[in-house]
Each structure stands twice: as structure tokens, then as C-alpha cells.
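Descriptive analysis of the structure
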Amino acid sequence: MGLLDILLGRTKPVGADLDRLFALPSAAVTLEAAAGFTPTGQGAVCFATVEGAAFEQSHREVQALLDADTDRDGPPVELRQDDYGYSWLVSRRSPDQLSALVNDLHAVNSQLEVNGFGPQLLCSLAGFEDLGGRRLALVYLYKRGTFYPFAPLPDGTQRRDNPLELQVRAALSGDLRLEPDLSRWFPVWGAPGL
């Protein structure tokens, strides 16, 4: 940042730090102790859909890399589109393999970034649930380098459990770099992996 940027009040946006994803397993321990939520074993990376052979090749490389993992339980990684036109690369692991799931999310983000598709990356999420069946996602905002909790109400409506989200924020403030601007806690309705 130059002197002119400082004088004009311009700041550089915080860049993505994909290594922050590796804090999720230790945050999961805190989350279970504080709120009773455990990993579901599902996670996903969301990106703006791009047309073209280069992106298709990059997507095939990522999927082949993740599908080659012989330790994977269940179906291979799948590509899905949501109702809003965004693409999601969904990974499933057993609930006790959160570290492996985080590795999957990191690999997808890294591969797309290396191939020049970083601007299309939007977010990554890891799913959690409690004994009562409530769902929660810890969402990583790629362009902000921060996390936030997203907790839809279990009644099927598109409403959020705001008290739970704030409880999780308080519990995880020492484990994750949380997004301070609540207006950036975007809802991810119908997100695969949640």
C-alpha cells in the first residue's frame, strides 16, 4: 500500500488464506464442548460457474484428485448447481474424518486458485449437527479470509437461528478468524453439504 492510498483512505482487501481452513478441526472440538455440535462429514466449495474448456479441465483435475482417495467412505466428490446458478463441489467423509474433509476443501480451493480461477471462488463450508437435528455450517468466505456460522431453522422455512449463530460466534472467537461484519454473514440456503 502506497502513501497515496493511505492519504485517500484506501485499504487493500484481506486476501484469502486457505491455511485458515486447517483450524476447523480444533474449532470443532470447541464447538462440540460449547454447543453440542459435531461434524456431519459433509462439506462443499462454492464458486461462480464459468464456461469454457480451461475451467472444465480444471474441474476434472480437481474431481480426479479427490476421487482417487481410496480412504473415502461413500460416494465420490460430486458437482452440483444450486437454484441461484452457483456451482458446488461437494465432498463427503465419515463424521470422524473432519481433517480429511478440510484437506478436500483446501485442495479444491488451491487447485482452482492455481489454475487462475481464484476470482470465481466464493466460499467453503463444513456441516455440523447436534443431537436434536439442528444443522449448522461454518462458512469460510474466500475473498475475506474469514469464517461465520450459518444456522437455518429446522422448520424448513428460509429463516435463520440468529441466537445460535451468535452463540457459536462467541464460542469460536478464539479458534477461527470470524467475520466481524454481520452483513457479510450471507445465507447459503439449500447449500449442498449442509
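Residues numbered from 1 in each chain as written. Predicted model: local features only at pLDDT ≥ 70, side-chain atom pairs only at ≥ 80, totals over all residues. Heavy atoms only, no water.

1. Comments concerning the side chain of R93
Stated precisely, the cut-off is as follows: Strands here mean DSSP runs of E at least two residues long; helices mean DSSP runs of H or I at least four residues long; both are numbered from the N terminus. Contacts described as polar in this section are N or O atom pairs within 3.5 Å, which, within protein, must combine one atom able to donate a hydrogen with one able to accept it, while residues neighboring in sequence count only if both atoms come from side chains.
Structurally, R93 is set in the loop between β3 (86–92) and α4 (98–114). Within polar-contact distance, the side chain of R93 engages the side chain of D104 at 3.0 Å.

2. Focus on the nonpolar core
Keep this limit in mind: Residues belong to a common nonpolar core when they are buried Ala, Val, Leu, Ile, Met, Phe, Trp, Tyr or Cys residues joined through side-chain atoms within 4.5 Å. Summary of the burial criterion: residues with accessible area below 20% of their type's maximum are buried, those above 50% are exposed, and those between are partly exposed, where the area comes from a 1.4 Å probe applied to protein chains only. Contact definition: two residues touch when any of their heavy atoms are within 4.5 Å.
Formed by 37 residues in total, the largest nonpolar core has its most connected members in L21, L24, L31, F128, L138, L172 and L176. Setting aside residues no more than four positions away along its own chain, L172 makes contact with A27, T30, L31, L138 and L178. The next biggest cluster of nonpolar side chains, apart from the first, holds 15 residues, and it includes A137, V139, F150 and V188.

3. Thoughts on the pairing of strand β1 (residues 38–48)
Sheet faces and side chains relate simply in a regular strand, where the side chains alternate between the two faces. How we decide: By definition, two strands form a pair when at least two bridges between them are found by DSSP.
Within β1, eight of the eleven residues are buried, leaving the element largely enclosed by the surrounding structure. Examined bridge by bridge, β1 and strand β4 (residues 121–129) share seven bridges and lie antiparallel to one another. Across the sheet, T38 pairs through a bridge with E129, a residue of β4. With seven bridges connecting them, β1 and β3 associate as antiparallel partners. Among the inter-strand pairings, G43 is bridged to a residue of β3, identified as S91.

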